[in-house]
Amino acid sequence: MLTVLFTICMIWLVGKFFIFGLKASWGIMKLLCMIIFFPVILIGMVVGGLMYIAFPLLIIGGIIGLVTSHS
């Protein structure tokens, strides 16, 4: 009986850690995309001659940043 209870509690604990890991990795990926990938893509677009696409994306990103700021 204790083995069944232990097994149920271990499955519950592993499930909780799995869900926590998914939430943490999603937050880290959003942070990486905003801080590293988006500016690198914009710089690459400007260097590659796609200024007419990179500039509107930069303006849209700036507006979203201003609207969603918490201060």
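Values in this document were obtained by computation on a predicted structure and should not be read as measured data.

A. Region of the structure containing the overall build of the protein chain. A count of helical and extended segments in the protein chain gives two helices and zero strands. The C-alpha radius of gyration of the protein chain comes to 22 Å, more than 25% above the 11 Å expected for a compact globule of 71 residues. Once the C-alpha set of the protein chain is aligned to its principal axes, its extents read approximately 70 × 30 × 15 Å. Counting only carbon and sulfur atoms, one obtains 85% of the accessible surface of the protein chain, whose full area is about 6400 Å².

B. Here's a closer look at the packing of helix α1 (residues 2–47) against helix α2 (residues 51–67). Two elements in contact, α1 and α2, have axes separated by 8 Å at closest approach and are oriented at 150°. By the angle between their axes, α1 is roughly antiparallel relative to α2. Crossing hand, α1 versus α2: left-handed. Across from Phe38, Leu42, Met45 and Val46 in α1, the residues of α2 making contact are Met51, Ile53, Ala54, Leu57 and Leu58. Of the residues contributing to the contact of α1 with α2, the split by class is nine nonpolar, no polar and no charged.

C. Main features of α1. Here α1 is 46 residues long and its end C-alpha atoms lie 65 Å apart, about the 68 Å a rise of 1.5 Å per residue gives. If you look at α1, its biggest bend is around 40°, right at Cys33. A positive phi of about 90° marks Gly49, the residue just after α1.

D. Representation of a nonpolar patch on the surface within the structure. A surface patch of nonpolar side chains, about 960 Å² in accessible area, is lined by Ile28, Met29, Leu31, Leu32, Met34, Ile35, Ile36, Phe37, Val40 and Ile41. Its place among the elements puts Ile35 in helix α1. With a relative accessible area of 56%, Ile35 lands in the exposed category.

The rules behind the values
Residues numbered from 1 in each chain as written. Predicted model: local features only at pLDDT ≥ 70, side-chain atom pairs only at ≥ 80, totals over all residues. Heavy atoms only, no water. Helix = DSSP H or I, 4+ residues; strand = E, 2+ residues; numbered from the N terminus. Rg over C-alpha atoms; globule rule 2.2 N^0.38 Å. Areas by Shrake-Rupley, 256 points an atom, 1.4 Å probe, with all protein chains shown as cover. Axes fitted to C-alpha atoms, helices over the stretch in contact; angles between N-to-C directions. Parallel < 35°, antiparallel > 145°, perpendicular 65-115°, else oblique. Left-handed = near helix turned anticlockwise from the far one by under 90°. Contact = heavy atoms within 4.5 Å. Nonpolar A, V, L, I, M, F, W, Y, C, P; charged D, E, K, R; others polar. Expected span 1.5 Å × (residues − 1). Bend = angle between axes of the 7 residues up to and from the residue. Patch = residues over 30% accessible without salt bridge, like charges linked within 9 Å, V, L, I, M, F, W, Y side chains within 5 Å. Salt bridge = Lys/Arg side-chain N within 4 Å of Asp/Glu carboxyl O. Buried < 20%, exposed > 50% of the residue type's maximum accessible area, 1.4 Å probe, protein only.

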